[in-house]
Amino acid sequence: MFKYYFFGLIVILGLSPVIAAEPQKQLRVPHIADAAPFMIINEQQQPVAGLLFELYQRLSEQLGLTLYIEAVPRKLVGKVLLKGDIDLYCNAAPEWFPEPEFRWSPPLFIHRDVVVSRQYYPDIATFLQRAQGRIGTTYEYIYPTLSWLFQTGRLERVDNFSPRESLRLLQAGLLDTVVVSELELNYFLHDRQGLSSLVIAQDEIRCIYAPHLSDSQIQQFNAQFSNMVKRGELIRIIEKYQ
């Protein structure tokens, strides 16, 4: 079951796609559980802060739209976009969502996958040659760089719903390695004594647009995102959660 959160003017919405001929009144975006620092929730499981939360807030305010946040399971984000139940999602890369129906914003920031371990690896080639044991991963995430290590059994995936839990298990000595995004690592783990980290992959992060959006709506979104990048707003938001 999906949950819905409203910010600003509260309205009642159905789940039918927005009709392109009608003015866009709402900005409908997904909230993926345990996705800090992108979305940070309170005790009632409502988003209250986070990198994406602030990005969506600023976009909706600049365009005069009501922000509408829908709790969506990670694996269903693409399907919900295709169905038209949400308008966009701003933590994506074309390699992760290859469907040809999707359109994309300009690059917003860089996503880096980082392996964290008590063993030092000087470069990715050394890691791929020597790494073995149990590695903390995020449930339903795909790691192309590590796929053959999983297939050969050199690395055993230990899935957790949150990178926070993987890092806790690493510190407790229950994992050999953890793979997280650099943003998650910087947010969750400030004390890295005895640990080393290595970037193993990176992608340009963009907003992915649902097919029902019109060309003019996408142009408006792209213009706002480009302005945020030029004014340094995105960098300031990211730095706030590091």
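Here we summarise the structure given alongside this text.

Some remarks on the layout of surface pockets
- Taken as a whole, the largest pocket holds about 810 Å³ of empty space.
- Around the largest pocket sit 33 residues that line it, and Arg74, Trp96, Glu140, Tyr141 and Ile142 are the ones nearest its centre.
- At the level of elements, strand E2 (26-31), helix H2 (77-83), strand E6 (88-92), strand E8 (109-117) and strand E12 (196-209) are the ones that each hand at least two residues to the lining of the largest pocket.
- In terms of residue count, E12 provides more of the lining of the largest pocket than any other element does, 3 residues in total.
- Partitioned by chemical class, the residues of the lining of the largest pocket number 18 nonpolar, 6 polar and 9 charged.

Some thoughts on the pairing of E2
- Here E2 lies mainly inside the structure; 6 of its 6 residues are buried.
- Burial of the side chains of E2 extends over both faces: Gln26, Arg28 and Pro30 are buried on one face and Leu27, Val29 and His31 on the other.
- Where E2 lies against strand E5 (residues 66-71), 6 bridges are found, and the strand directions are parallel. Residue pairing across strands places His31 opposite Ala71, the latter belonging to E5.

Conventions adopted
- Residues numbered from 1 in each chain as written.
- Predicted model: local features only at pLDDT ≥ 70, side-chain atom pairs only at ≥ 80, totals over all residues.
- Heavy atoms only, no water.
- 1 Å grid on protein atoms, 1.4 Å probe; cavity = no way out; pocket = protein on both sides within 12 Å on 5 of 7 lines; lining within 4 Å.
- Points joined across faces, edges and corners; volume = space filled by probe spheres on them.
- Helix = DSSP H or I, 4+ residues; strand = E, 2+ residues; numbered from the N terminus.
- Nonpolar A, V, L, I, M, F, W, Y, C, P; charged D, E, K, R; others polar.
- Buried < 20%, exposed > 50% of the residue type's maximum accessible area, 1.4 Å probe, protein only.
- Pairing = 2+ DSSP bridges.

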